[in-house]
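Analysis of the macromolecular model
The lines below spell out each chain.
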Amino acid sequence: MTAAPSAEPGRTDPGAGIRRPRAVAILAGVALVALLADLVTKHLALAALTDREPVRLLGGAVYLSLTRNSGAAWSIGADHTWIFPLITIGVVGWIVWMALRLRSLPWAICLGLVLGGALGNLVDRIFRAPAPFHGHVVDMISLFDPYGQVWPVFNLADSSLVCGVLLAMLLELTGRQRDGRRAGRDGAPVETDATQGADQRERA
């Protein structure tokens, strides 16, 4: 009777070692979906919630309450709106740099969520009133209170950003690298079978 194989550092991890063009395409696709969903929901919120009282949903767990925010959460930095587009441009540059070695499906999804959320709010900052790069972000989701007294009113772009950042933290804690490798117990990257296969395909 043959013993079951033990888990080895070189085993194939799901989603590891995919080709970089495919990983970048997944990143771009996730970002595009997140961006379009944010733009559509903001358009619908402006059309349906302008000059209306907040709409109560799920027994008061969620309210649809239209607000325009010049700052970040809890209106932090409301008097310095111009700085947020600069931060977003820095985030986009960081994601482009990360994509240079991207071969991991989880990291592609993670970075796509962050990119889509960042671009969603950047569109508001650039194109909405009162002025370019000083635009106010459209928010419409409030938890447990109609006016954001429990949690700041947010939008889908904010949700995408938060989900992406939480996923990035999880990937870092589990040792998953953006190039498809997985860190060993000593913190050094370990080659997986899938990563080695991807290296060989790209050299072919």
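Please refer to the structure placed before this passage.
Residues numbered from 1 in each chain as written. Predicted model: local features only at pLDDT ≥ 70, side-chain atom pairs only at ≥ 80, totals over all residues. Heavy atoms only, no water.

1. As for the pattern of salt bridges
The tally for this structure, following the rule as stated, stands at five salt bridges. Here D179 and R101 are joined by a salt bridge, their closest N and O atoms 2.8 Å apart. With D179 in the loop between α4 (156-173) and β4 (182-183) and R101 in the loop between α2 (83-99) and α3 (105-127), the pair connects residues that are 78 residues apart, well separated along the chain. For R101, a relative accessible area of 45% gives the class partly exposed. (Salt bridge = Lys/Arg side-chain N within 4 Å of Asp/Glu carboxyl O. Helix = DSSP H or I, 4+ residues; strand = E, 2+ residues; numbered from the N terminus. Buried < 20%, exposed > 50% of the residue type's maximum accessible area, 1.4 Å probe, protein only.)

2. A word on a nonpolar patch on the surface
A cluster of nonpolar residues, W82, I83, L86, I87, I89 and F133, forms a patch on the protein surface that exposes about 560 Å² of accessible area. Tracing the backbone through its elements, the reader meets I89 in helix α2. (Patch = residues over 30% accessible without salt bridge, like charges linked within 9 Å, V, L, I, M, F, W, Y side chains within 5 Å. Areas by Shrake-Rupley, 256 points an atom, 1.4 Å probe, with all protein chains shown as cover.)

3. Observations concerning the environment of L171
In this structure, L171 sits in helix α4. For the pair formed by L171 and R182, sequence separation is eleven residues and the distance between their alpha carbons is 9.5 Å. Beyond its immediate sequence surroundings of up to four residues, L171 is in contact with P106, W107, C110 and R176. (Contact = heavy atoms within 4.5 Å.)

4. Focus on helix α1 (residues 20-49)
End to end, α1 covers 43 Å across 30 residues, agreeing with the expected 44 Å (1.5 Å per residue, within 8%). Buried within α1 we find A23, L27, V30, A31, A34, L35, D38, K42, A45 and L49. Close packing links the buried residues of α1 with β1 (55-57), β2 (62-69), α2, α3, β3 (137-143) and α4. (Expected span 1.5 Å × (residues − 1).)

5. So, the packing of α1 against α4
Two numbers describe how α1 lies on α4: the axes approach to 8 Å, and their chain directions differ by 150°. By the angle between their directions, the pair α1 and α4 is classed as roughly antiparallel. Contact residues: A34, A37, D38 and T41 in α1; L156, A157 and S160 in α4. Split by residue class, the contact of α1 with α4 holds four nonpolar, two polar and one charged. (Axes fitted to C-alpha atoms, helices over the stretch in contact; angles between N-to-C directions. Parallel < 35°, antiparallel > 145°, perpendicular 65-115°, else oblique. Nonpolar A, V, L, I, M, F, W, Y, C, P; charged D, E, K, R; others polar.)

6. Examining unusual backbone geometry
Residues A129 and P130 are joined by a peptide bond in cis, for which omega reads 15°. Here the phi dihedral of F133 falls at roughly 65°; this positive angle occurs in a residue that is not glycine. With respect to the secondary-structure elements, F133 resides in the loop between α3 and β3. Classification of F133 as partly exposed rests on a relative accessible area of 37%. In this model, F144 sits at a positive phi of 65°, which is unusual for a non-glycine residue. For F144, the location among the structural elements is in the loop between β3 and α4. A relative accessible area of 57% means that F144 is categorised as exposed.

7. Some words on the pairing of β2
In this sheet, β2 lies alongside β1 in antiparallel orientation, the contact comprising three bridges. Opposite V55, over in β2, you have L64 as the bridge partner. The turn joining β1 and β2, which pair antiparallel and follow one another in sequence, is formed by four residues; a positive phi near 55° is taken by L58. With six bridges joining them, β2 and β3 adopt antiparallel strand pairing. If you follow V62 over to β3, its bridge partner there is L143. (Pairing = 2+ DSSP bridges.)

Interpretation note: all reported values are geometric properties and have no functional meaning in isolation.
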